[in-house]
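Next come the chains, spelled out residue by residue.
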Amino acid sequence: MTRDVCVVVPTIREYECMRAYFQNARDHGFDLDRLFVVLVTEDFCDTDGMREMLDEEGVAGAVFDGDDRDAWFDEQGLEEYSHLIPAASHAQTSFGLLYLWANDFEYGVFIDDDTLPHDEWDFFGTHLDNLAHEGEVEEVSSDEQWVNVLYQSDSDLYPRGYPYAAMDEDVETDTTETDHVVASQGLWTNVPDLDAVRILMDGDLQGQAQTRTGFEDFDRDFVAAEDNYLTVCSMNLAFRREVVPAFYQFPMDDNAWEVGRFDDIWSGVLLKRAADVVGGEIYNGAPLCEHNKAPRSTFDDLANEVAGLELNEHFWKEVAAVEPDEDSYEAVARAVGERLVEGDYEEYNNGAFLAECGEYLLDWVDCCAELAEQRAAAVADD
């Protein structure tokens, strides 16, 4: 079997959760030889233990702390792009995207280290089946151009990253035909993926939520209609190789404005615009994972999020407004980068951060292009 799936796990502590994902694969007959696991971590973490875990499980993979990432950029001759990966940030998943792009993987999977698979689903197999799905599926839209991924639930929860101005939307559902799914977003039971403001509104001071999600909150799979956006969380996500140039995990935390917590949200907005332009769908629903977010101060999360809350209300409109010169993921990403760099955002709190995101996105597209050239040259030499 070809090793065609790159699994990217940002982790600083709970890497042992991967044993449960490997066991799930064995239980459902999924061939673990298809996987290559990239653990993205920090210099102060137990990198030896991570490598031992992969060896004990008999799963191919590699561990990259900060020094290892720098060495990888040096080996590729791409030192000028090392700034694309922020320090001590969940957005380091971008490194996994570059590793995938530089090698012969057709699919990527993101897994967060505070999750576990549910036995009811073949985790990896279901994601790959979703990516191969052709046929009918529910299509969801709203009068606010935003789809709440919890729209099937009886709760009144909105996920992290959902714009406040788009709440209280009128939802419409229909049936559509999918013919090219480019990303499969698995949703989550137990602790819902909420921002700090919504967690406080739900009465929880420990960074979790009083309201929990279960199987009954996710009755059926769905896609968001064209020109509608949705929150894309990277805790349980699979995608096709082709999307990488338009899937940069924006540079959070390690920036002058201390904006954090929107890396996967903003990358999901970019991906949805690109998928609409190119012709692809983001499939949502199964396989569910169990999200076991550790208790922590909700106010600490709020402090990390507040610098970007206003920007999040406007970022998606900037992305939605681009009209690229051609229908490609690279062209969409470049058009968004140029719009952000040229935009005037002085009226927003920390508006200059959007321009920096544009600069980083343009660098990302250039980095992907150079890696693609290197890969093509290597194939030609073979």
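Refer to the structure printed above.
Bear in mind the structure is a predicted one, so any value in this text is a computation, not a measurement.

Reading the values: the criteria
Residues numbered from 1 in each chain as written. Predicted model: local features only at pLDDT ≥ 70, side-chain atom pairs only at ≥ 80, totals over all residues. Heavy atoms only, no water. Helix = DSSP H or I, 4+ residues; strand = E, 2+ residues; numbered from the N terminus. Rg over C-alpha atoms; globule rule 2.2 N^0.38 Å. Contact = heavy atoms within 4.5 Å. Areas by Shrake-Rupley, 256 points an atom, 1.4 Å probe, with all protein chains shown as cover. Lys, Arg positive; Asp, Glu negative; His and termini not counted. Charge placed at Lys NZ, Arg CZ, Asp CG, Glu CD. Polar contact = N/O pair within 3.5 Å; in protein donor to acceptor, adjacent residues only side chain to side chain. Buried < 20%, exposed > 50% of the residue type's maximum accessible area, 1.4 Å probe, protein only. Arc of directions from axis to C-beta. Pairing = 2+ DSSP bridges. Right-handed = clockwise from strand over helix to strand, strands pointing away. Axes fitted to C-alpha atoms, helices over the stretch in contact; angles between N-to-C directions. Parallel < 35°, antiparallel > 145°, perpendicular 65-115°, else oblique. Left-handed = near helix turned anticlockwise from the far one by under 90°. Nonpolar A, V, L, I, M, F, W, Y, C, P; charged D, E, K, R; others polar. Salt bridge = Lys/Arg side-chain N within 4 Å of Asp/Glu carboxyl O.

Student: Looking at this structure, I do not really get the overall build of the protein chain. What am I missing?
Tutor: Along the protein chain, the regular secondary structure elements total 10 helices and 13 strands. The C-alpha atoms of the protein chain give a radius of gyration of 20 Å, which matches the 21 Å a tight globule of 382 residues would have. Each principal axis of the C-alpha distribution contributes one length, and for the protein chain these read about 55 × 50 × 45 Å. Nonlocal contacts in the protein chain, meaning residues at least 24 apart in sequence, comprise 82% of its contacts between residues at least 6 apart. Just so you have it, the protein chain exposes about 15000 Å², and 41% of that area is on carbon and sulfur atoms. With 22 positive and 89 negative side-chain charges, the protein chain shows a separation of 3 Å between the mean positions of the two kinds.

Student: Which parts of the structure should I look at to understand the environment of aspartate 253?
Tutor: Here aspartate 253 lies in the loop between strand S12 (236-240) and helix H7 (263-278). Spatially, the C-alpha atom of aspartate 253 lies 7.4 Å from that of proline 86, the residues being 167 residues apart in sequence. Once residues lying within four places of it in the same chain are set aside, the contact partners of aspartate 253 are Ala88, Ser89, His90, Glu258, Val259, Gly260 and Arg261. At 2.7 Å, the side chain of aspartate 253 and the side chain of serine 89 are in polar contact.

Student: What exactly am I supposed to notice about helix H3 (residues 66-76) here?
Tutor: Each full turn of the α-helix corresponds to 3.6 residues, which orients residues three or four apart in the same direction. All buried positions along H3 are accounted for by Gly66, Arg69, Trp72 and Phe73. Projection of H3 onto a plane perpendicular to its axis shows the buried side chains occupying an angular sector of 120 degrees, all on one side. For H3, the exposed residues set more than 90 degrees away from the buried face come down to Asp67 and Glu75. Next to the buried residues of H3 lie strand S2 (35-40), strand S3 (61-64), helix H4 (93-102) and helix H10 (352-381). Among the residues of H3, the N-terminal cap falls to aspartate 65, whose side-chain oxygen and the backbone nitrogen of aspartate 67 are separated by 3.2 Å. Where H3 ends, the next residue or the one after it, glycine 77, has phi of about 70 degrees, a positive value.

Student: What is the right way to read the pairing of strand S9 (residues 181-190) from this model?
Tutor: Taken residue by residue, a regular strand's side chains alternate between the two faces of the sheet. Burial of S9 is extensive: nine of the 10 residues sit out of reach of the surface. Pairing analysis gives eight bridges linking S9 to strand S13 (residues 281-291), with the strands arranged parallel. Bridging across to S13, glutamine 185 finds its partner in asparagine 284. As paired strands, S9 and S12 are joined by three bridges and run antiparallel to one another.

Student: What should I look at first to understand the pairing of strand S1 (residues 5-10) in this one?
Tutor: Most of S1 is tucked away, with six of its six residues classed as buried. Neither face of S1 is exposed, since Val5, Val7 and Val9 on one face and Cys6, Val8 and Pro10 on the opposite face are all buried. Here S1 runs beside S2; their pairing, made up of six bridges, is parallel. Residue proline 10 lies in a different strand from S2, and its bridge partner there is valine 40. Remark: the S1/helix H1 (residues 18-27)/S2 crossover connection has right-handed handedness.

Student: Is there a simple way to think about the packing of H1 against helix H2 (residues 47-57) in this case?
Tutor: Between H1 and H2, the least distance of the axes is 11 Å, while the angle of their chain directions is 15 degrees. In terms of axis orientation, H1 runs roughly parallel to H2. Classified by chirality, the crossing of H2 by H1 is right-handed. On the side of H1, the interface is formed by Met18, Arg19, Phe22 and Arg26, while H2 contributes Met53, Leu54, Glu56 and Glu57. Its residues assigned to classes, the contact of H1 with H2 shows four nonpolar, no polar and four charged.

Student: How should the pattern of salt bridges be read in this particular structure?
Tutor: Opposite charge on two side chains lets them pair, provided their charged atoms get close. Enumeration according to the criterion identifies 22 salt bridges in this entry. We note a salt bridge from glutamate 56 to arginine 19, for which the minimum N-O separation is 2.7 Å. Of this pair, glutamate 56 sits in helix H2 while arginine 19 sits in helix H1, placing them 37 residues apart in sequence. Across the salt bridge formed by aspartate 104 and arginine 375, the nearest N and O atoms sit 2.8 Å from each other.

Student: Which parts of the structure should I look at to understand the environment of alanine 369?
Tutor: Counting through the fold element by element, alanine 369 comes out in helix H10. With 23 residues separating them along the chain, alanine 369 and glutamate 346 place their C-alpha atoms 32 Å apart.

Student: Honestly, unusual backbone geometry in this entry has me stumped. Any pointers?
Tutor: The amide bond that connects alanine 286 to the next residue, proline 287, takes the cis arrangement and shows omega of 0 degrees. Mapping proline 287 onto the fold places it in strand S13. In this structure, alanine 88 takes a positive phi of about 50 degrees despite not being glycine. Relative to the helices and strands, alanine 88 is located in the loop between H3 and H4.

Student: Please explain the side chain of serine 153 as it appears in this structure.
Tutor: Mapped onto the secondary structure, serine 153 falls in the loop between strand S7 (146-147) and strand S8 (171-178). For serine 153, a relative accessible area of 11% puts it in the buried group. Within the structure, serine 153 has its side chain in polar contact with the side chain of serine 155 (distance 2.9 Å). Side chain to side chain, serine 153 and aspartate 217 meet in a polar contact 2.6 Å long.

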